[in-house]
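Coordinate inspection notes
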Amino acid sequence: SAVISQKPSRDICQRGTSLTIQCQVDSQVTMMFWYRQQPGQSLTLIATANQGSEATYESGFVIDKFPISRPNLTFSTLTVSNMSPEDSSIYLCSVGLSVHEQFFGPGTRLTVL
Amino acid sequence: KQEVTQIPAALSVPEGENLVLNCSFTDSAIYNLQWFRQDPGKGLTSLLLIQSSQREQTSGRLNASLDKSSGRSTLYIAASQPGDSATYLCAGCPAGTYKYIFGTGTRLKVLA
């Protein structure tokens, strides 16, 4: 398994601002992912964070809105840019280990006013 | 497009009951399947992983099975306890990808 931490655990932000969420893993992993969970909904994959190259975004998500960094094999950041109340969600990072089992961080609960 | 449905959406049972949660995929070509537990406002805890060569997995009071021919999975919880109260999510990884697609979840409440 993997131990994953996220910072911040929660935040309340004003519309129009940006928030950067950090994800730290206790071991080197190839695959890291960012998910969004809107209130009362299931998880939707935002992007795959690739080490040393641009992230791969899913349909409906763009780099300008959700820029992602992956400077090494244990760390990634997701920025939620120019926020609106519709961005209020839980944002989760996950890692894929061998045999593609995924483990999740504790999540970041974001409220945009 | 792969879609994942979980039935029931919500379930309330008295303590001690055995229960079954269901998960179905529109495309039965699932490579791996994972069941997760999510407590309110928290992240996901991995419960069971069924790999491509397997049909079921067991951990303690939990048993998960996968019927690839029909694209259906069930999670069986024996002798339920109030501490089992949470939302249970299934997620399938389609063949040829590494990305999991999540179900809609089942909110379970076990009454003491």
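Rules used throughout
Residues numbered from 1 in each chain as written. Chains lettered and ligands numbered in written order. Predicted model: local features only at pLDDT ≥ 70, side-chain atom pairs only at ≥ 80, totals over all residues. Heavy atoms only, no water. Helix = DSSP H or I, 4+ residues; strand = E, 2+ residues; numbered from the N terminus. Buried < 20%, exposed > 50% of the residue type's maximum accessible area, 1.4 Å probe, protein only. Contact = heavy atoms within 4.5 Å. Phe/Tyr/Trp six-rings, centres within 6.5 Å; stacked < 30°, edge-to-face > 60°. Buried area = accessible area lost by both parts, 1.4 Å probe. Salt bridge = Lys/Arg side-chain N within 4 Å of Asp/Glu carboxyl O. Nonpolar A, V, L, I, M, F, W, Y, C, P; charged D, E, K, R; others polar. Pairing = 2+ DSSP bridges. Axes fitted to C-alpha atoms, helices over the stretch in contact; angles between N-to-C directions.

What follows concerns the environment of A:Ile68. Residue and element names in this part refer to chain A. The topology assignment puts isoleucine 68 in strand β7 (residues 68–72). According to the relative accessible area criterion, isoleucine 68 is buried, its value standing at 17%. Separated by 21 residues in sequence, isoleucine 68 and alanine 47 have C-alpha atoms that sit 8.4 Å apart. Ignoring any residue separated from it by four or fewer positions in sequence, one finds isoleucine 68 in contact with Trp34, Ala47, Ala49, Ala55, Tyr57, Ser76, Thr77 and Leu78.

As a further point, take the packing of aromatic side chains. Residues and elements named next belong to chain A. Counting across every chain of the model gives seven aromatic pairs over all chains. Judged by centre distance (5.3 Å) and plane angle (50 degrees), the ring pair of tyrosine 35 and phenylalanine 104 falls under tilted. Here tyrosine 35, found in strand β4 (residues 31–37), pairs with phenylalanine 104, found in strand β10 (residues 102–104); they are 69 residues apart in sequence, far enough to count as distant. An angle of 45 degrees between the planes, with centres 6.5 Å apart, marks the rings of phenylalanine 66 and tyrosine 91 as tilted. You can see phenylalanine 66 sitting in the loop between β6 (56–57) and β7 and its partner tyrosine 91 sitting in strand β9 (residues 89–96), a full 25 residues away along the chain.

What follows covers the interface of chain B and chain A. Taken residue by residue, the interface counts 20 residues in chain B and 20 residues in chain A. Here chain B meets chain A over a buried area of about 1,600 Å², counting both sides, of which 56% is carbon and sulfur. Looking at the side of chain B facing chain A, the largest losses of area belong to B:Tyr98, B:Lys99 and B:Phe102, adding up to 32% of the total buried there. Remark: the boundary between chain B and chain A carries one salt bridge. Between A:Glu58 and B:Lys99 there is a salt bridge whose closest N-O contact spans 2.7 Å. Among the elements of the structure, β4 (30–38) and β5 (44–50) of chain B are those that each provide at least two residues to the side of chain B that touches chain A. Looking at which element gives the most residues to the side of chain B that touches chain A, the answer is β4(B), with five residues. Here the residues of the side of chain B that touches chain A sort into eight nonpolar, ten polar and two charged.

This part is about the sheet that holds β7(A). Residue and element names in this part refer to chain A. Taken together, the four strands give an open sheet; going across it, the order is β1-β3-β8-β7, and neighbouring strands pair in antiparallel fashion. Each edge of the sheet is formed by a strand with only one pairing partner; in this case those strands are β1 (4–7) and β7. Neighbour-to-neighbour, the strand axes of this sheet turn through a mean angle of 15 degrees, independent of strand direction. Note: β7 against strand β8 (residues 75–80), three bridges, orientation antiparallel. Bridge pairing in β8 links serine 69 to threonine 77.

Function cannot be read off these values alone, since they describe shape.
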